[in-house]
Amino acid sequence: MRKKSCQKDWPQFPEPHQDLQINFCKSPTCPAFGLAPELSVVVENNEIQQVTGGLKEGQARKAHVVYKTSGTGKGEASLVCKLCSARKADGEPVQVSFMMKSNQAVNEEYHRISAYLESDELKCRNRECPTNLNGKPLKLKKRGFTKAGHQRYQCLTCGKSLTDSDGSRTHRRAEINLRLFDLLVSKVPLRKIAKLLHISQKTIYDKIDFIHSQCMKFVAEREQRLLDGKLKLHRLYLSTDRQVQITNWVKREDKRNTELYGIGTACLKTGYVFAFNFNFDHHELQEDIEAYARFVNDSARPKHHRDTARVWLEEEFEEAAKRAMKAPTVAAMDLIDAAAQKAKIDEAFNENLASEDFDSSTRLPAKGVLVHNEYTMLGHFLHLKHLFRHVGKTRFYMDQDAGMKNAYLSIFHNEIKAGNSDGFLVRSEKGFTVDDKRRALAETNALIRRLTGVPRKQLSSRDFIKVVTALVGEALNNMVRIGNSPELWLRYPIATMPEPEKVVAAITDISRYELQHKAHLYRKASLHAIDRFFMVARRDVNLLERPFHSATNQSRVWNGYSPYDPAMLTKLGDIYRVYYNYVNINDKRETPAMRLGLANGPVATEKIVYYGKYEK
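Computed from a predicted structure; not experimentally measured. (Residues numbered from 1 in each chain as written. Predicted model: local features only at pLDDT ≥ 70, side-chain atom pairs only at ≥ 80, totals over all residues. Heavy atoms only, no water.)

On to the pattern of salt bridges. Counted by the stated rule, this structure contains 23 salt bridges. One salt bridge connects Glu108 with Arg310, and the closest N-O pair in it is separated by 3.6 Å. Of this pair, Glu108 sits in helix H2 (residues 103-113) while Arg310 sits in the loop between helix H7 (286-295) and helix H8 (314-323); the two residues are 202 residues apart in sequence, bridging distant segments of the chain. For Glu108, a relative accessible area of 3% puts it in the buried group. Classification of Arg310 by relative accessible area gives buried; the value is 3%. Note that Arg242 is salt-bridged to Asp401, the shortest N-O span being 3.0 Å. Here the residue Arg242 occupies a position in strand S9 (residues 235-247), and Asp401 occupies one in the loop between strand S14 (393-399) and helix H12 (402-411), the gap between them amounting to 159 residues. Residue Asp401 is classed as buried on the basis of its relative accessible area of 4%. Where salt bridges share partners, they join Glu108, Glu109, Arg112, Asp281 and Arg310 into one cluster. (Salt bridge = Lys/Arg side-chain N within 4 Å of Asp/Glu carboxyl O. Helix = DSSP H or I, 4+ residues; strand = E, 2+ residues; numbered from the N terminus. Buried < 20%, exposed > 50% of the residue type's maximum accessible area, 1.4 Å probe, protein only.)

Printed below as a string of structure tokens:
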């Protein structure tokens, strides 16, 4: 546990898992892939052998056998793989250096993201109580009731009082909670909601807090079935992508916006969204983090060794904004060329800058703290790994992003080496008009008719899959390498309305699979499941609507419906994820949770908003 000043109650952070290590070679084809630097190893015939009892006599070396470190910037360092460096010297395209990150910061962000899954058991409110510091059993004694009717207890260890209340407010008009929930997911502005329900803005925010708390309790109980292995899932095909949300400025004197990045992962088959996380923590205060950083002299340490590595400090943010160049927009071009341009940008910017794209027009949030986006992505994948611990195999299809790719390889390296997880990058054309999409779809239908002799509509789903798999198999013979990228890219042979044109590349080693198996994996490549969630969330939730840019506002963005408090984005994102998974039905009156097996039918909003009422 961190040191504390006797004059300040510093923010509490969870202790890191001792076995969490994300700093290693991230080239899946390298013998050192996933090898922790602290392990004692020897290299013989390009193979790594771990030495359990330390290095043998005559093998001791001052330098590490596999790794070395290299400074890459102020307070920054990269881990360089010597084996990959030798391969690159021989002309093999491979990444050799990887930005070092804080294992503790990844653990902290994972705990923040997965906190809703933690047990709701009573805990002493006194942070200094031995029951919180060293795991001493909590012993309670009943001491009457509160005015709201909640049971009051006294901790027999430290003497402090606590209740079984979740801290939510007492509802004088509880009957409007269901109505408020429906309006929140129906694109109704908050001011309009206040007018329709005859309540104040403060009441709306209080009730949103209550609804958010209930949604998290409800979804935690359902997703606990995944953690317990009660839901038998042999394979999961998943799509992962990010979206950017911008909050309005709070002062006319400072018209800079705050940009938040939300990363989401959805099941391709069922549409179930397993996680949707923003790089923002409303539980911490910027001034507390700044004071603690000064107290421990964090600025004098390398960034990956800092206690506050997870969050942006003011000085760090200002320096980054001054020197950062906005990553250039990839111009309209052939998709392979666009993928090559993006790979070149990611190589020019390190993986940290590739994750966040800001300049002097952006600022830190007025409330809460901004989390380094690469740590949110790492925490996101660590949360998914925790959820999928009883799943047989996972296949991830991710947007082309250097930070996202490295986050996946960092967290799922054991599963990748065991052959239980594979990852793919997907880049699709986003600039097509509806007419362009229909034209591309018509060309695909004509191609299928020439190959089969029958119209596409007359083909069964199984026959259609066979045709597409055969086309993908042929395309595998014409893979393209771009620049110095280690991946080979495939042009997807058919068009769909959501993705009229796309290219796909495997980032894990799939050479062990037969051609038919490879074609099957490439055929499934799509970001449609998560992109659809982002699209309908923007359509259904007023605060998640995409803001507009003006040519006369010097790159500033303001939207009358965007929030001023970034916490509203995280709360509404959580609420909508629950609504989308369990309440919103498709044309077949099915929800994603039903298709996944976490629900028997559409869940009534009453069972979510008043979760726990019937059990009590």
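So, about the packing of helix H17 (residues 528-540) against helix H18 (residues 567-582). Where H17 meets H18, the closest approach of the two axes is 11 Å, and the angle between their N-to-C directions is 115 degrees. Considered as vectors, H17 and H18 are oriented roughly perpendicular to each other. Along this stretch, H17 crosses H18, giving a crossing that reads as right-handed. Contacts from Ala529, Arg532, Phe533, Val536, Ala537 and Asp540 in H17 reach Tyr576, Arg577 and Tyr580 in H18. (Axes fitted to C-alpha atoms, helices over the stretch in contact; angles between N-to-C directions. Parallel < 35°, antiparallel > 145°, perpendicular 65-115°, else oblique. Left-handed = near helix turned anticlockwise from the far one by under 90°. Contact = heavy atoms within 4.5 Å.)

Let us now look at the sheet that holds strand S15 (residues 421-428). Strand order across the open sheet formed by 8 strands is S11-S10-S9-S14-S15-S18-S17-S16, with mixed pairing between neighbours. In the strand order of this sheet, the two ends are held by strand S11 (273-278) and strand S16 (480-481), each with one partner. As paired strands, S9 and strand S10 (residues 258-267) are joined by 10 bridges and run antiparallel to one another. Its bridge partner lying in S10, Arg242 is registered against Ile263. (Pairing = 2+ DSSP bridges.)

Here we come to the side chain of Asn103. Along the polypeptide, Asn103 turns up in helix H2. At 3.3 Å, the side chain of Asn103 forms a polar contact with the side chain of Gln21. Reaching out from Asn103, the side chain makes a polar contact with the backbone nitrogen of Ile22 at a distance of 3.0 Å. Excluding its chain neighbours within four sequence positions, the residues that come into contact with Asn103 are Leu20, Gln21, Ile22 and Asn23. (Polar contact = N/O pair within 3.5 Å; in protein donor to acceptor, adjacent residues only side chain to side chain.)

Attention shifts here to the confidence of the model for the chain. In the predicted model, the chain carries a mean pLDDT of 84, and 83% of its residues have values of at least 70. Here helix H10 (residues 351-355) stands out as the least confident element of the chain, with mean pLDDT 49; S11 is the most confident, with 97. This model gives residues 53-60 a pLDDT under 50, and the stretch forms 7 contacts once residues within four places in sequence are excluded. Confidence over residues 550-555 falls short of pLDDT 50; this stretch has 1 contact with residues more than four positions distant or in other chains. (pLDDT = per-residue confidence, 0-100.)

A few words on the packing of aromatic side chains. Evaluated as defined, the whole model comprises 23 aromatic pairs. Note on Phe396 and Tyr408: the rings are 5.2 Å apart at their centroids and 50 degrees apart in plane angle, and the pair reads as tilted. Of this pair, Phe396 sits in strand S14 while Tyr408 is found in helix H12, placing the two residues 12 residues apart along the sequence. Note on accessibility: Phe396 and Tyr408 belong to one class, buried. Feature note: the residues Phe181, Phe276, Phe278, Phe533, Phe534, Tyr576, Tyr579 and Tyr580 constitute an aromatic cluster, connected by ring pairs. The ring of Tyr492 carries Lys502 above its face, with NZ or CZ at 4.2 Å from the centroid. We note Lys524 situated over the ring of Tyr237; from NZ or CZ to the ring centre the distance is 4.6 Å. (Phe/Tyr/Trp six-rings, centres within 6.5 Å; stacked < 30°, edge-to-face > 60°. Lys NZ or Arg CZ within 6 Å of the ring centre and 35° of its normal.)

The phi dihedral of Lys187 falls on the positive side, at around 60 degrees, and the residue is not glycine. The topology assignment puts Lys187 in the loop between helix H4 (177-184) and helix H5 (190-197). Classification of Lys187 by relative accessible area gives partly exposed; the value is 27%. Here the phi dihedral of His198 falls at roughly 60 degrees; this positive angle occurs in a residue that is not glycine. Secondary-structure assignment places His198 in the loop between H5 and helix H6 (201-227).

For the rest of this paragraph, the subject is the packing of H2 against helix H11 (residues 373-387). One can describe the packing of H2 onto H11 by two numbers: an axis separation of 8 Å at closest approach and a directional angle of 60 degrees. What the angle tells us is that H2 and H11 run oblique. Relative to H11, H2 is oriented so that their crossing is right-handed. Facing Ala105, Val106, Glu109, Tyr110, Arg112 and Ile113 of H2, the residues of H11 in contact are Tyr375, Thr376, Leu378, Gly379, His380, Leu382, His383 and His386. Tallied by class, the residues present in the contact of H2 with H11 amount to 7 nonpolar, 5 polar and 2 charged. (Nonpolar A, V, L, I, M, F, W, Y, C, P; charged D, E, K, R; others polar.)

With that settled, consider the environment of Leu425. Locating Leu425 in the fold gives a position in strand S15. Counting along the chain gives 81 residues from Leu425 to Ala506, while the straight-line C-alpha distance between them is 6.3 Å. The contact partners of Leu425, leaving out residues within four places of it in the chain, are Met398, Asp399, Gln400, Lys405, Trp489, Val503, Val504, Ala505 and Ile507.

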